[in-house]
Amino acid sequence: MAFFNLSSSSIAPTRSLRYNGVNPFAEHGYVLSGSAWSSINRQSCLNFLKANGRGVGALVSGNGGLLSYSNSNGIVEEEAFFNEQADQPEGTSFGTLAAEITSSASAFFYNNDEFDLDFPTEGFSSVAEAIEDIRQGKFVIVVDDEDRENEGDLIMAGSLVTPDAMAFIVKHGTGIVCVSMKGEDLERLQLPLMVTQKENEEKLCTAFTVSVDAKHGTTTGVSAHDRATTILALASNDSEPQDFNRPGHIFPLKCREGGVLKRAGHTEASVDLAVLAGLEPVAVLCEIVDDDGSMARLPKLRQFAEAENLKIISIADLIRYRRKRDKLVEKVASAPIPTMWGPFKANCYKSTLDGTEHIAMVKGEVGNGQDILVRVHSECLTGDIFGSGRCDCGSHLALAMQQIEAEGRGILVYLRGHEGRGIGLGHKLRAYNLHDDGHDTVEANEELGSPVDSREYGIGAQILRDLGVHTMKLMTNNPAKYLGLKGYGLAIVGKVPLLAPISTENARYLEIKLEKMTIKMI
């Protein structure tokens, strides 16, 4: 890492900043008009942070104004800066970027389908294909995260099960055939949990009820025919509690309300697929085993899916599919608020998933929803409220509000529950201690057993849609934020930088964001 400080005194406001004859802002999608170079100050300097061939620069004025950029394709060499500086008249200074930035598309935005919410993870079928197979009474293989069970389940609609399907499950599965159901149906059939939630010591707290067999049309209850009969009875709205023997050979499971959006398990995934297919919320599931009796992992599951002509999907893809389509927020209150930047209208939105309240600060009229200046900001108590120097969050928040006020029309969505890139305040403070011990921001999260970045922007996208936004100029340095907003009927027509200063406290943090987290400093 290296810092360069170049000082000078004044250049014509109409001149574009260039290094070796190249305007770095234009290269990255920014067109700076003449009025952008206003607010000339008495003394300015260029700070430049170089990390592994990638860089970020900041023009810092004597009055604290600043301008930054990064070049992900490599940086101009040191000599180029000094040569350009030498060409300037004695006593010249760079101006600060006042407000006027015209955004245009660039490589920052991905035009292919790889990041669309409906586009499956590489090596998996699409959720839409899986839903269609479920609708047709076929099996689908559903796999969870490798950090969870790392297993694949055969899943099909309970209302369409057949003896042949049961024979297939018994042949290729563990033999423990489960049926996932909603809580209200289990209550209707008087099927209580096997143990209370507090007493549940199963690794993932799977909610088993007492096992059952259908009382009519079965013998021992264990044959493929008998199991299919029991499952069809569970899926029937006409069944009553007295239609089942307890215990039995089928194991009902209680699905968490909210499905995979609340719990990323096979129980919830199976019911979600049945509901999305337009069928009763009852599904059959059984873990797939390898020939030696061990649990089949992803490589074997892929081979099995190909051999049996089955679709294979991930729970992660199903979560993204539902987040795009389910209404996840509702507006609960609005009020005008005078702020230090100017008057805004505050809109409170409540998550239907966990009750978290978020706020959208709206400036001016959204109108036709075209080309709205937008910032989706993740909560950071230490940076936003207390001005922590360990991050650039507070600066980004202030700069975004300032730019929206200058624009006269725009929205800042403040997402709560994103503290420490989603790990929470306590873990973030523990991570700071690890930073002081030499860990970088990525290593610290990993040391704590936390994800590097667990933030999800679907809530923000739905808030923007509810406010009437259609196309936006997005204020962000983070490509992941663009990806998180894509696919919700929102078009991002440009990017606008958030030009935060580099300090001795946050330089290492920014370097790691450049190096390991694909952050573009503008």
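Residues numbered from 1 in each chain as written. Predicted model: local features only at pLDDT ≥ 70, side-chain atom pairs only at ≥ 80, totals over all residues. Heavy atoms only, no water.

**Remarks on the pairing of strand β14 (residues 329-338)**
Looking along a regular strand, one sees the side chains alternate between the two faces of the sheet.
So, point 1. Pairing of β14 with strand β15 (residues 343-351), which is carried by nine bridges, proceeds in the antiparallel orientation. Bridge assignment links A335 to a residue of β15, and that residue is A346.
So, point 2. In this structure, the hairpin formed by β14 and β15 is closed by a connection of four residues, where G342 is found at a positive phi of approximately 150°. (Pairing = 2+ DSSP bridges. Helix = DSSP H or I, 4+ residues; strand = E, 2+ residues; numbered from the N terminus.)

**Things to note about helix α4 (residues 163-172)**
So, point 1. Every buried residue of α4 is accounted for by A165, M166, F168, I169 and H172. When α4 is viewed along its axis, its buried side chains cluster within an angular range of 160° and face the same direction. Opposite the packed face of α4, turned more than 90 degrees from it, sit the exposed residues D164 and K171.
So, point 2. Buried residues along α4 sit against β8 (152-157), α6 (224-235), β12 (282-287) and α8 (298-308). (Buried < 20%, exposed > 50% of the residue type's maximum accessible area, 1.4 Å probe, protein only. Arc of directions from axis to C-beta. Contact = heavy atoms within 4.5 Å.)

**Re the packing of aromatic side chains**
So, point 1. Applying the stated criterion across every chain, the model contains three aromatic pairs.
So, point 2. Put simply, the rings of F139, F168 and F304 pair up and form one aromatic cluster.
So, point 3. Of note, R325 hangs over the ring of Y321, and the distance from its end group to the ring centre comes to 3.7 Å.
So, point 4. Seen from the ring of F344, K363 lies directly overhead, with NZ or CZ sitting 5.5 Å from the centre. (Phe/Tyr/Trp six-rings, centres within 6.5 Å; stacked < 30°, edge-to-face > 60°. Lys NZ or Arg CZ within 6 Å of the ring centre and 35° of its normal.)

**Remarks on the sheet that holds β12**
So, point 1. Strands sit in the order β10-β11-β9-β12-β8-β7-β13 across an open sheet of seven strands; the sheet is mixed. At either end of the open sheet lies a strand with only one pairing partner, and these are β10 (212-214) and β13 (311-314). Between one strand axis and the next, the sheet turns by 45° as a mean value, whatever way the strands run.
So, point 2. Where β10 meets strand β11 (residues 244-254), three bridges bridge the pair, whose relative direction is antiparallel. Paired with A214 across the strands is F244, a residue of β11.
So, point 3. Where α6 meets the sheet, its contacts fall on β9 (178-181), β10, β11 and β12, and the angle it forms with β11 comes to roughly 65°. (Axes fitted to C-alpha atoms, helices over the stretch in contact; angles between N-to-C directions.)

**A closer look at the sheet that holds strand β19 (residues 471-475)**
So, point 1. With mixed pairing, seven strands are arranged side by side in an open sheet as β14-β15-β16-β18-β17-β19-β20. Looking along the sheet, the strands with just one partner apiece sit at the ends: β14 and β20 (491-496). Neighbour-to-neighbour, the strand axes of this sheet turn through a mean angle of 25°, independent of strand direction.
So, point 2. Where β19 lies against β20, five bridges are found, and the strand directions are parallel. Across the sheet, residue L474 finds its bridge partner in β20, namely K495.
So, point 3. Those strands touched by helix α15 (residues 458-466) are β14, β15, β16 (357-363), β17 (372-378), β18 (410-415) and β19, and its axis lies near 145° from that of β18.

**What about the packing of helix α7 (residues 266-276) against helix α9 (residues 315-325)?**
So, point 1. Where α7 contacts α9, the axes come no closer than 11 Å and their chain directions differ by 50°. As the angle between them shows, α7 and α9 are arranged oblique. Seen along the crossing, α7 lies across α9 with a hand that is left-handed. Residues H266, A269, D272, L273 and L276 of α7 pack against I315, L318, Y321 and R322 of α9.
So, point 2. Residue classes in the contact of α7 with α9 are distributed as six nonpolar, one polar and two charged. (Parallel < 35°, antiparallel > 145°, perpendicular 65-115°, else oblique. Left-handed = near helix turned anticlockwise from the far one by under 90°. Nonpolar A, V, L, I, M, F, W, Y, C, P; charged D, E, K, R; others polar.)

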